[in-house]
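# Remarks on the overall topology
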Amino acid sequence: MYIAKGDYGFRFDNCFINNLAMNEYNGSQIVILEGLEAVRKRPGMYIGSTGSRGLHHLIWEILDNAIDEHLAGFCSEIDMILQKDGGITIKDYGRGVPVDIHPTKHIPTARVVYTILHAGGKFGNSAYKVSGGLHGVGASVVNALSSKMIVEIRRDGLIYRDEYQNGGHPVTTLVDGMLPVVGKCAKSDTGTKVTFYPDESIFETVEFKSETVQKKLKEIAFLNKNLKINYEDQIQDLKKVYHEEYGIKSFVKYLNREATPLHDEVIYIEGTSNDIEVEVAFQYTTHFSEQINAYCNRINVVDGGTLVTGFKTALTRIMNQYARELNILKDKDENFDGKDIRNGLMAIISIKHPDPQFEGQTKTKLGNTDAKSAVDEVFNNEAGRFFDKNIEVLKSILDNAMKSYNARRASDKARNAVLKQLNDVDTRSKLASCSSKKAEECEVYIVEGDSAGGTVKTARNRKTQAVLPLRGKILNVEKATLEKILVNNEIKSMIASFGCGIGDEFDITKLKYDKIIILTDADVDGAHISTLLLTFFYRFMPELIHSGKIYRGLPPLYRVEYESSSNKKKKKVSEYIYNDFELDKFRKIPGNKILNIQRYKGLGEMDADQLWETTLNPDTRILARVEISDTVEADEITTTLMSSNVPPRREFIMEEAKYAKIDI
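Everything in this summary refers to the structure shown in the same document. This structure is a prediction, so every number in the text was calculated from the model and none was measured.

Reading the values: rules and limits
- Residues numbered from 1 in each chain as written.
- Predicted model: local features only at pLDDT ≥ 70, side-chain atom pairs only at ≥ 80, totals over all residues.
- Heavy atoms only, no water.
- Pairing = 2+ DSSP bridges.
- Helix = DSSP H or I, 4+ residues; strand = E, 2+ residues; numbered from the N terminus.
- Buried < 20%, exposed > 50% of the residue type's maximum accessible area, 1.4 Å probe, protein only.
- Expected span 1.5 Å × (residues − 1).
- Salt bridge = Lys/Arg side-chain N within 4 Å of Asp/Glu carboxyl O.
- Axes fitted to C-alpha atoms, helices over the stretch in contact; angles between N-to-C directions.
- Phe/Tyr/Trp six-rings, centres within 6.5 Å; stacked < 30°, edge-to-face > 60°.

## Remarks on the pairing of strand β3 (residues 77-82)
For a regular strand, side-chain orientation follows a simple rule: the groups alternate between the two sheet faces. Of the pairings in the sheet, the one linking β3 to strand β10 (residues 228-233) comprises six bridges and is parallel in character. Looking across to β10, one finds that Met 80 is bridged to Tyr 231. Between the end of β3 and the start of strand β4 (residues 88-92), which pair antiparallel, lie five residues, with Gly 86 showing a positive phi angle near 95 degrees.

Okay, structure coming up:
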């Protein structure tokens, strides 16, 4: 049985559903997954995917536990080793996981931590005042998805060891109910060392990317001032130390390394309000856009939330006050708009909250109202002190805001004239609209060319599915102005079709569709078109991504005809396979005799019925929702790959080429 992540959950293949007769549906069909079995059965629910991203997520889970010891004040150094045999070792010098007998489970507490979901020291207030991991699933999930894990704990002058295999099954024999002592150490030598090996039967790849790990460690060092991380890559014979004395102040300087700053010094603000520790670092550049990266307990809250609102409110208020005091704004002038003030801004906001409330399981938005007031109060007090002593820096920021203010007013008439033209854009020759007017049940497919568009139009559900064919590739909008992109016919068609406007006039409540689905061929041109579209959405309609409205359609890559030994008549049947990893698993199923494998390179190779069954039918299709898990990385990659600056793009391609899969 093949299971794939679908629109709203998990999709079961037809042969399973058809073989389960309704008169056989009773209690015996209800399977209860015990312990860590649920994690192995549905790994995507816990780590996002079984691809490279999910693989590296295992590292971050164990690393989070080590960093929590740092946040609690017990650890200033962490070691990480990427081993030659494919394993990862993470060692902290904190207090060491408790090894005493757990009062309710009656086994060593360390074994509870590594084998039982939702078990940890982060649910109460005694062990950790602030923490990034709040669900207590990290260590046990990593164990569940590993073929082998070894835990070594140093406490009270003794060294304890525990080992697990094949998804978290303990293989170490307890001694009088306790973990065995394998050595002695100094009483001051404390901490936890975890070594794990990802399970090859679960992940599409078990090869860790050293560059990905190094980039993450650098970010962690920025966010955890004075934490020292010793990294060793035994495969490449590489050793590095990550240590940032100035924390997020250095982070802003690093992010602005390719930009031209308006003032040399990165402005740094810190303070505490209502037990919430607040840090803000920012610098203005000549770029016309703004970038605000927010972190709560070192978690990147990509959709911002209350901490960002507090920062924006305080920044706008204090800058308008100074603009009036310095007579930059006259009595007759209206106040600067928030976007005028944030033009060219690069900022990092980092808070430590004792009880963060994230909106959604993905932790992409902070909801605590006290975070808003804390950031507002700290920034208002400390920024005032800084600017009173640094008038020239203040004037450079206000002059930049005035330029944005004047440019905005001058361009409003021209922009509005262009936007009004959208009402006259004739989309009838392109857009095949759907009959329903209920946005919550409608979706629009963006396809490449009239040929693919014709097939999709034939196969679709005309009531709820609209189709918008693109004629050629859209403009690369990176670094382009709004006025420039609005003259592109394909972009104008999309804006008119969506109905929610663009730029300052964007209003997501007017969006005509619940889903915007990019559906392109599985070739280089299709990938390029998808990238251009995503760049456009990210730069000029980011709310669509943050609200979960952008998807990529994932048509199957193969159609396999085979005979199965489980079928008594040996009738020829077919199965759709969506990637090479699934195909490799399918080949290994005992009793399957593969007769033919058809590879689809384009949507035009499928007829309307096949396209409906595999790609358009909400009950059987697979959609990948586009999400941003790291705003810093998203902005860096977009700028590197899509801007006109060639050297960074060449360097990126050279570094990543060894991981590319070539289709010949």
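Structure's up, so let's keep going.
## A look at unusual backbone geometry
For Asn 297, which is not a glycine, the phi torsion comes out positive at approximately 50 degrees. Tracing the chain through its elements places Asn 297 in the loop between β14 (291-296) and β15 (299-300). What makes Asn 297 buried here is its relative accessible area of 1%. Although it is not a glycine, Arg 298 adopts a positive phi angle of roughly 70 degrees. Take Arg 298: it is sitting in the loop between β14 and β15. Accessibility expressed as a relative area gives 11% for Arg 298, which makes it buried.

## Some thoughts on helix α11 (residues 369-389)
Its 21 residues give α11 an end-to-end C-alpha distance of 31 Å, which sits within 8% of 30 Å, the value for a rise of 1.5 Å per residue. Three or more residues of α11 are buried, namely Ala 371, Ala 374, Val 375, Asp 376, Val 378, Phe 379, Ala 383, Gly 384, Phe 386 and Phe 387.

## Re helix α4 (residues 52-71)
With 20 residues, α4 extends 28 Å between its outermost C-alpha atoms, agreeing within 8% with the 28 Å of an ideal straight helix rising 1.5 Å per residue. Judged by how many residues are buried, α4 sits mostly within the fold: 15 of 20 residues are covered. At the exit of α4 stands Gly 73, carrying a positive phi of roughly 90 degrees.

## Examining the sheet that holds β14
Taking strand neighbours across the sheet as the criterion, the five strands line up as β12-β13-β16-β14-β15 in an open arrangement whose pairing is mixed. Two strands lie at the open edges of the sheet, namely β12 (267-273) and β15, each paired on one side alone.

## Focus: the pattern of salt bridges
Within this structure, the stated rule accounts for 21 salt bridges. In this structure, Arg 161 engages Glu 163 in a salt bridge whose closest nitrogen and oxygen atoms are separated by 3.2 Å. The partly exposed category is assigned to Arg 161, whose relative accessible area is 28%. A salt bridge links Lys 430 to Glu 490, with the shortest nitrogen-to-oxygen separation between them at 3.2 Å. One end of the pair, Lys 430, is in the loop between α12 (391-421) and β17 (443-448); the other, Glu 490, is in helix α15 (residues 489-498), and 60 residues separate them in sequence. Overall, the relative accessible area of 10% leaves Lys 430 in the buried class. Here the salt bridges share partners, and the residues they tie into one network are Glu 152, Arg 154, Asp 189 and Lys 193.

## Some words on the sheet that holds strand β21 (residues 558-564)
The three strands lie next to each other as β22-β21-β23, forming an open sheet whose pairing is antiparallel. Across the chains shown, the open sheet's two edge strands, defined by having one partner strand only, are β22 (573-577) and β23 (592-599). Between one strand axis and the next, the sheet turns by 25 degrees as a mean value, whatever way the strands run.

## Here's the deal with the packing of aromatic side chains
What the rule picks out here adds up to 15 aromatic pairs. Consider the rings of Phe 498 and Phe 537, whose centres lie 6.1 Å apart with planes at 40 degrees: the pair is tilted. With Phe 498 in helix α15 and Phe 537 in helix α16 (residues 524-540), this pair connects stretches of sequence that are 39 residues apart. When sorted by exposure, Phe 498 lands in the same class as Phe 537, which is buried.

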